[in-house]
Amino acid sequence: MTNIQEMMKELFGGSCYGYCLTRQFSKSDDIKTLTSAFLEGWKRGYVDDDGFVSNPLKYIRLVGGPAYRDVEKVSINSLKDLPDDNDWIVEYKKKPTDKASHFVIANRKKGVIFDPSGDSVTVKVGAPFSYRKFII
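Below: a short report on this structure. (Residues numbered from 1 in each chain as written. Predicted model: local features only at pLDDT ≥ 70, side-chain atom pairs only at ≥ 80, totals over all residues. Heavy atoms only, no water.)

Turning next to the state of the cysteines. For the coordinates displayed, the defined rule picks out zero disulfides. Of the cysteine sulfurs around cysteine 16, a residue in no disulfide, the closest is that of cysteine 20, at 6.4 Å. Note on cysteine 16: relative accessible area 12%, which makes it buried. (Disulfide = S-S within 2.5 Å. Buried < 20%, exposed > 50% of the residue type's maximum accessible area, 1.4 Å probe, protein only.)

Helix α3 (residues 31–44) packs onto helix α1 (residues 4–13) with a crossing angle of 105 degrees between their chain directions and a minimal axis gap of 12 Å. By the angle between their axes, α1 is roughly perpendicular relative to α3. Contact residues: Met8, Leu11 and Phe12 in α1; Thr35, Phe38, Leu39 and Trp42 in α3. Along the lines of polarity and charge, the residues of the contact of α1 with α3 split into six nonpolar, one polar and no charged. (Axes fitted to C-alpha atoms, helices over the stretch in contact; angles between N-to-C directions. Helix = DSSP H or I, 4+ residues; strand = E, 2+ residues; numbered from the N terminus. Parallel < 35°, antiparallel > 145°, perpendicular 65-115°, else oblique. Contact = heavy atoms within 4.5 Å. Nonpolar A, V, L, I, M, F, W, Y, C, P; charged D, E, K, R; others polar.)

Both faces of the sheet carry side chains from a regular strand, because those side chains alternate between them. Burial within strand β3 (residues 102–107) is extensive, with six of its six residues counted as buried. Where strand β2 (residues 88–93) lies against β3, five bridges are found, and the strand directions are antiparallel. Of the residues in β3, the one forming a bridge with tyrosine 92 is histidine 102. For β3 and strand β4 (residues 111–114), the ladder comprises three bridges, and the chain directions are antiparallel. Paired with asparagine 107 across the bridge in β4 is glycine 111. (Pairing = 2+ DSSP bridges.)

Attention now goes to the packing of aromatic side chains. Applying the stated criterion across every chain yields a total of seven aromatic pairs. Considering the side-chain rings of tyrosine 19 and phenylalanine 38, the 5.5 Å spacing of their centres and the 15 degrees angle between planes classify their relative orientation as stacked. Placement of tyrosine 19 in helix α2 (residues 16–26) and of phenylalanine 38 in helix α3 is noted, with a sequence separation of 19 residues between them. An identical accessibility class is assigned to tyrosine 19 and phenylalanine 38; each is buried. An aromatic cluster is built from Phe12, Tyr19 and Phe38, whose rings are joined through pairwise contacts. The side chain of lysine 93 reaches across the aromatic face of phenylalanine 129, ending 4.0 Å from its centre. Looking at arginine 132, its charged tip hangs above the ring of tyrosine 17, at a distance of 5.9 Å from the centre. (Phe/Tyr/Trp six-rings, centres within 6.5 Å; stacked < 30°, edge-to-face > 60°. Lys NZ or Arg CZ within 6 Å of the ring centre and 35° of its normal.)

Further remarks concern the packing of α2 against α3. Where α2 meets α3, the axes come as close as 9 Å, and the angle between the chain directions of the two elements is 115 degrees. Crossing angle aside, the handedness with which α2 passes α3 is right-handed. Taken together, the residues of α3 that come into contact with α2 (itself represented by Gly18, Tyr19, Thr22, Arg23 and Ser26) are Leu34, Thr35, Ala37 and Phe38. (Left-handed = near helix turned anticlockwise from the far one by under 90°.)

Taken together, five strands build an open sheet; the order of strands is β1-β5-β2-β3-β4 and the sheet is antiparallel. Each edge of the open sheet carries a strand with a single partner, namely β1 (70–75) and β4. Averaged over all pairs of adjacent strands, the angle between strand axes in this sheet comes to 45 degrees, irrespective of strand direction. α2 rests against β1, β2, β3, β4 and β5 (127–135) of the sheet, and its axis sits at about 30 degrees to β3.

On to unusual backbone geometry. For lysine 27, which is not glycine, the phi torsion reads 65 degrees and is therefore positive. Along the chain, lysine 27 falls in the loop between α2 and α3.

And the structure:
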């Protein structure tokens, strides 16, 4: 028998990048809007069962963003390394060698402005590792 609750724990446990993409490109802070978009992305196959956004370009279009042709992962050591004062989707890791990471929206002046986990431990004890640059 399928354990739906366990499946949803796994899906939402890995949803940070999806929530950040949704917030960044839909400009909504409403949890129901963010979650509906995330679930629609999952339904369409842009999000995997573990919450990983496997097709970010199509997902961005789904949530109202422009038609990008690529997403680049740019390494950083600090939020001061972000290219300008805009909001960016930033990947944090507890340690640089960790496989696990957590995504937030941040800018170099205000710091973290959106964290899908509220106040995540990864952000508290870790450091910025990379940000996502969207290429038109």
